[in-house]
Amino acid sequence: MSIRTTTTALGAVLALSLAGAAAAEDLTPDLVRFKGLYKELVETNTTLSAGSCTAAAEKMAARLKAAGYPDADIQILVPPERPKDGNLIATLHGKDARLKPLLLLAHIDVVEANRADWERDPFTLVEEGDYFYARGASDDKAMAAIFTDSMVRYREANYKPRRDIKLALTCGEETADTFNGVDFLLKTHPTALAAGMALNEGAGGRLDANGKPLYLGIQAGEKIYQDYTLEITNPGGHSSRPFKDNAIVRLSRALANIGDHDFPVALNDSVRLNFAGSAKLESPEVAAALNALLKDPADAAAAELVARDRGRNSMMRTTCVPTMVTAGHAPNALPQRAKANVNCRILPGNDPRQVLKDLERIAGDPGIRIVLAAEPSAIAVTPPLNEAVLGPARKVAAKIWPGVPIIPTMTTGATDGRYTTAAGIPTYGLSGLFGDPDGGGTHGLNERIRVKSLYDGRAFLHEVVQLYADQK
């Protein structure tokens, strides 16, 4: 398939989406089929408690086989001890086997959803007004459905990319402490995800209160997730005979010190680009603070103002916050033990073991033992945001959302990109899916995505994947 042919198809999709959420009878045949694929994936329960990623993977594999993919190019890789946590790998072969593949990465597991709490059945796709509602309607089955649909369309159109395009629909992103499919694949089937670059969730677009696009995000790099355990023990005694050496009091002081501490501002390339782009959209006061911080990260006044936005505060520094506390053994006894969890989100390139030393210093009490709650993840660096990455995204975005800027960002939460980037696969969050300012219920109640956003994102990803896949 030529890019010209793709652009013609893209124009047809855009003409439809610009008219708003179309009625089912107005959809083109390929959009009807996509909607059916999306519905099938969303309505396949993939929660940890009651669902099956393997079932979802099998259904998407059937779609690919129907499009003409041979069995040799499709794998469902399932951990022997976890039969419901299957992962789908499919490959569209390119012209030059010497080039590293482009990886399309999306997770198909979803967060739990209690029917009693939702206005609609969370595992039935409901189209209402301008929205699709369901658990996973956005996170991350929208992107998973789009990638699968594109792989079907590429095959049917006999499109031959310059490099292989590899699809990975994985399980366990939402419950990585229990099981993570990307981690499993990298350890047990390392060639399954081998690639020169990956597209993943991690950044979408932002709409204003009226549904107008403000900017499209592209994510490079993410912070390291690390929990630390703080614990102090004490002989205790009867609460009627207190003394100053109280385990709860000492731990409380240490936690207060940690809570009050601000790690220094450190701006990597992604955050610098984010602040520079955001400054053009902000009030004069905030814009001035962002620009001042770009010039001098040690500018305390600018940092204080920028930090009022919790998202920007998290992007510009390592953060550590107490999240859980357990202490004492009886209401009428002095505590013999006090224990807390401190959760840190560490800037890329920094060592969690050094942060442990920082916490020991900040806590200010050598009697409190601080240890890693789990072995740290690999220390990943932020992948480059060069023209080879930004150029294709800008080119396609300009057709769909003229005048809407692309703003780089760094994820302060966690995605599966933390595994792939650490494994040497530069991974970028790029979905083309625009969301409402309130987050659209992701991980919460009544998760939703605008119908127009879904169809526009489908058009965007279908073409931009080809541009990346055809690069030399």
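Residues numbered from 1 in each chain as written. Predicted model: local features only at pLDDT ≥ 70, side-chain atom pairs only at ≥ 80, totals over all residues. Heavy atoms only, no water.

Explanation requested: the overall build of the chain in the structure shown.
Along its length, the chain carries 14 helices and 19 strands. C-alpha atoms of the chain, sized along the principal axes, occupy 80 × 55 × 50 Å. For the chain, the residues scored as buried account for 53% of the 472 residues in total. When contacts within the chain are restricted to residue pairs at least 6 apart in sequence, those whose partners lie at least 24 apart make up 78%. Put simply, the chain has 53 plus and 56 minus side-chain charges, and the middle of one group is 3 Å from the middle of the other. (Helix = DSSP H or I, 4+ residues; strand = E, 2+ residues; numbered from the N terminus. Buried < 20%, exposed > 50% of the residue type's maximum accessible area, 1.4 Å probe, protein only. Contact = heavy atoms within 4.5 Å. Lys, Arg positive; Asp, Glu negative; His and termini not counted. Charge placed at Lys NZ, Arg CZ, Asp CG, Glu CD.)

I'm lost on the packing of helix H6 (residues 247–260) against helix H11 (residues 352–363) in this one. Help?
Relative orientation and spacing of two packed helices are given, respectively, by the angle between their axes and the distance between those axes. The geometry of H6 relative to H11 is characterised by a closest axis approach of 8 Å and an angle of 115 degrees between their N-to-C directions. Judged by the sense of rotation from one axis to the other, the crossing of H6 with H11 is right-handed. Taking contact as the criterion, the partners of Ala254, Asn257 and Ile258 in H6 are, on H11, Leu359, Ile362 and Ala363. Taken together, the residues of the contact of H6 with H11 sort by class into five nonpolar, one polar and no charged. (Axes fitted to C-alpha atoms, helices over the stretch in contact; angles between N-to-C directions. Left-handed = near helix turned anticlockwise from the far one by under 90°. Nonpolar A, V, L, I, M, F, W, Y, C, P; charged D, E, K, R; others polar.)

Got a minute to help me understand the sheet that holds strand S15 (residues 369–372) in this structure?
In a beta sheet, neighbouring strands pair by backbone hydrogen bonds and run either parallel or antiparallel. Here four strands make up an open sheet; going across it, the order is S12-S14-S10-S15 and the pairing antiparallel. Each of the sheet's edge strands pairs with one partner strand only, and the pair in question is strand S12 (319–327) and S15. Strand-to-strand twist of the sheet, defined as the mean angle between neighbouring strand axes without regard to direction, takes the value 25 degrees. As paired elements, strand S10 (residues 224–233) and strand S14 (residues 337–346) share ten bridges and run antiparallel to each other. Note on S14: the bridge partner recorded for Ile224 is Ile346. Each of S10, S12 and S14 is contacted by H6, which is oriented at about 10 degrees to S14, the strand it contacts most. Relative to the sheet, H11 contacts S10, S12, S14 and S15, its axis offset from that of S15 by approximately 160 degrees. (Pairing = 2+ DSSP bridges.)

Hey, could you run me through H11 in this one?
Because an α-helix completes one turn every 3.6 residues, residues spaced three or four positions apart along the sequence face the same direction. The end-to-end C-alpha distance of H11 is 16 Å, a good match for the 16 Å that twelve residues give at a rise of 1.5 Å each. For H11, the complete set of buried residues consists of Pro352, Val355, Leu356, Asp358, Leu359, Ile362 and Ala363. Burial along H11 is one-sided: seen end-on, the buried residues are contained in an arc of 165 degrees. Away from the buried face of H11 by more than 90 degrees, exposed residues Lys357 and Arg361 are located. The inward-facing, buried residues of H11 contact S10, H6, S12, S14 and S15. Sitting at the amino-terminal end of H11 is Asp351, which places a side-chain oxygen 2.9 Å from the backbone nitrogen of Arg353. (Expected span 1.5 Å × (residues − 1). Arc of directions from axis to C-beta. Polar contact = N/O pair within 3.5 Å; in protein donor to acceptor, adjacent residues only side chain to side chain.)

Hey, could you run me through a positive patch on the surface in this one?
A cluster of basic residues, Lys95, Arg155, Lys160, Arg162 and Lys472, forms a positive patch on the protein surface. With respect to the secondary-structure elements, Lys95 resides in the loop between strand S2 (87–92) and strand S3 (102–107). (Patch = residues over 30% accessible without salt bridge, like charges linked within 9 Å, V, L, I, M, F, W, Y side chains within 5 Å. Areas by Shrake-Rupley, 256 points an atom, 1.4 Å probe, with all protein chains shown as cover. Salt bridge = Lys/Arg side-chain N within 4 Å of Asp/Glu carboxyl O.)

Could you clarify how one ought to interpret the confidence of the model for the chain in this entry?
Low pLDDT means the predicted coordinates in that region are not meant to be read closely. For the chain, the mean per-residue pLDDT works out to 93, and 95% of the residues sit at or above 70. Throughout residues 1–9 the model reports pLDDT below 50, and contacts reaching past four residues in sequence, or to other chains, amount to 17 contacts. Every residue in residues 11–22 scores below 50 in pLDDT, and together they form 19 contacts with partners more than four places removed in sequence or on other chains. (pLDDT = per-residue confidence, 0-100.)

Which parts of the structure should I look at to understand helix H8 (residues 284–295)?
With twelve residues, H8 should cover 16 Å at 1.5 Å per step; its first-to-last C-alpha distance of 16 Å lies within 8% of that length. Considered for burial, the residues of H8 that qualify are Val286, Ala287, Ala289, Leu290, Leu293 and Leu294. For H8, the angular spread of buried residues about the axis comes to 160 degrees, placing them on one side. The exposed set on the far side of H8, more than 90 degrees from its buried face, consists of Pro284, Glu285 and Lys295. Packing partners of the buried residues in H8 comprise helix H7 (269–279), helix H9 (300–306) and helix H10 (310–316).

So what exactly am I meant to see when it comes to the packing of aromatic side chains here?
Two aromatic rings are characterised by how far apart their centres lie and by the angle between their planes. As enumerated under the stated definition, the model contains nine aromatic pairs in all. When the ring of Tyr38 is compared with that of Phe132, the centres are 5.4 Å apart and the planes differ by 65 degrees; the resulting orientation is edge-to-face. Taken as a pair, Tyr38 in helix H2 (residues 29–42) and Phe132 in strand S5 (residues 131–133) lie far apart in primary sequence, 94 residues in all. Take Phe132: its relative accessible area is 1%, and that puts it in the buried class. For Arg155, the ring lying beneath its charged end belongs to Tyr69, and the centroid distance is 5.3 Å. (Phe/Tyr/Trp six-rings, centres within 6.5 Å; stacked < 30°, edge-to-face > 60°. Lys NZ or Arg CZ within 6 Å of the ring centre and 35° of its normal.)

Hey, could you run me through the packing of H2 against helix H14 (residues 451–469) in this one?
For the pair H2 and H14, interaxial distance at closest approach is 12 Å and the crossing angle is 110 degrees. Compared by their axis directions, H2 and H14 come out roughly perpendicular. For the pair H2 and H14, contact is made by Asp30, Leu31, Phe34, Lys35 and Tyr38 and by Leu454, Tyr455 and Arg458, respectively. Of the residues contributing to the contact of H2 with H14, the split by class is five nonpolar, no polar and three charged. (Parallel < 35°, antiparallel > 145°, perpendicular 65-115°, else oblique.)

Sorry if this is basic, but what is going on with the sheet that holds strand S19 (residues 448–450) here?
Pairing within the open sheet is antiparallel, and its three strands lie in the order S4-S5-S19. Of all strands in the sheet, those bounded by a partner on one side alone are strand S4 (126–128) and S19. Across the sheet, the axes of successive neighbouring strands diverge by a mean angle of 25 degrees, strand direction being ignored. Sheet topology note: the S5/S19 ladder contains three bridges and is antiparallel. In the sheet register, Phe132 faces S19, and the bridge partner there is Ile449.

Sorry if this is basic, but what is going on with the side chain of Asp227 here?
Mapped onto the elements, Asp227 comes out in strand S10. In this structure Asp227 is buried but unpaired, with Arg345 as the nearest side chain of opposite charge at 6.7 Å. Of note is the side chain of Asp227, whose polar atom sits 2.9 Å from the side chain of Asn343. Asp227 has contacts with Asn341, Val342, Asn343, Leu372, Ala373 and Ala374, leaving out every residue within four places of it along the chain.

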